[in-house]
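# Architecture and fold: a report
Residue strings, one per chain:
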Amino acid sequence: LTGNTPNPFVETSKLSFHAPRTTFVRLAITDVFGQEVALLANNIVSAGTHEVEVNASELMISSGVYYYTLTSNNYSITRKMIVVR
C-alpha cells in the first residue's frame, strides 16, 4: 500500500497497492475515532498493481485526518491521509 497522492488533498487523491497474487482485499477509510466512513474495495483482485481514486465530495467527507486500511488474508496496513476543504 503506497501513500496517497497528493496528501493533503482538497478534492481527489489516488492510492495504489500491489497484490502479489489473486487475492481478496478490503480497503476502507476510517475517521480518527475509528468509525468507517467509506469502503473503497471489498472484492477479489488479480495479481498486480491497482489504483483507487478517493473523491472527498462523492464520499461526503469533510476536512480532517483519515486513515485508510488495506486488509488481505492475515495482512493489514494502515496509512494516514488529510483532507483540506
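Analysis parameters
Residues numbered from 1 in each chain as written. Predicted model: local features only at pLDDT ≥ 70, side-chain atom pairs only at ≥ 80, totals over all residues. Heavy atoms only, no water. Patch = residues over 30% accessible without salt bridge, like charges linked within 9 Å, V, L, I, M, F, W, Y side chains within 5 Å. Areas by Shrake-Rupley, 256 points an atom, 1.4 Å probe, with all protein chains shown as cover. Salt bridge = Lys/Arg side-chain N within 4 Å of Asp/Glu carboxyl O. Helix = DSSP H or I, 4+ residues; strand = E, 2+ residues; numbered from the N terminus. Core = buried A, V, L, I, M, F, W, Y, C linked by side-chain atoms within 4.5 Å. Buried < 20%, exposed > 50% of the residue type's maximum accessible area, 1.4 Å probe, protein only. Contact = heavy atoms within 4.5 Å. Pairing = 2+ DSSP bridges.

Taken together, the side chains of Val10, Val32, Phe33, Val65, Ile82 and Val84 make up a nonpolar region of the molecular surface, amounting to roughly 530 Å² of accessible area. Among the structural elements, Phe33 can be located in the loop between β2 (23-31) and β3 (36-45).

Take the nonpolar core next. In terms of nonpolar packing, the biggest core is built from 21 residues, with Phe17 and Leu27 touching the most fellow members. If you list the elements that add at least two residues to this core, you get β1 (12-19), β2, β3, β4 (48-55), β5 (64-72) and β6 (75-83). Aside from chain neighbours lying at most four places away, what touches Phe17 is Leu1, Val25, Leu27, Val45, Gly48, Thr49, His50, Val52 and Leu70.

Let us now look at the side chain of Ser16. Among the structural elements, Ser16 can be located in strand β1. Ser16 sits in the buried class, given a relative accessible area of 17%. Not counting the four nearest positions on each side in its chain, Ser16 is found in contact with Leu1, Thr2, Thr49, His50 and Glu51.

Sheet topology note: the β2/β3 ladder contains 8 bridges and is antiparallel. What sits directly across from Thr23, in β3, is Val45. The loop that links β2 with its antiparallel partner β3 comprises 4 residues; one of these, Gly34, has a positive phi angle of about 85°.

Scanning all chains against the criterion turns up 2 salt bridges. Its salt-bridge partner being Glu51, residue Lys14 comes within 3.7 Å of it at the nearest N-O pair. Taken together, the positions of Lys14 in strand β1 and Glu51 in strand β4 put the pair 37 residues apart, joining distant regions of the chain. Arg26 is the salt-bridge partner of Glu36, the closest N and O atoms lying 2.9 Å from each other. Pair noted here: Glu36 is in strand β3 and Arg26 is in strand β2, with a separation of 10 residues, a long-range link. In this structure Glu36 comes out as partly exposed when scored by relative accessible area, which is 42%. Since its relative accessible area comes to 30%, Arg26 is described here as partly exposed.

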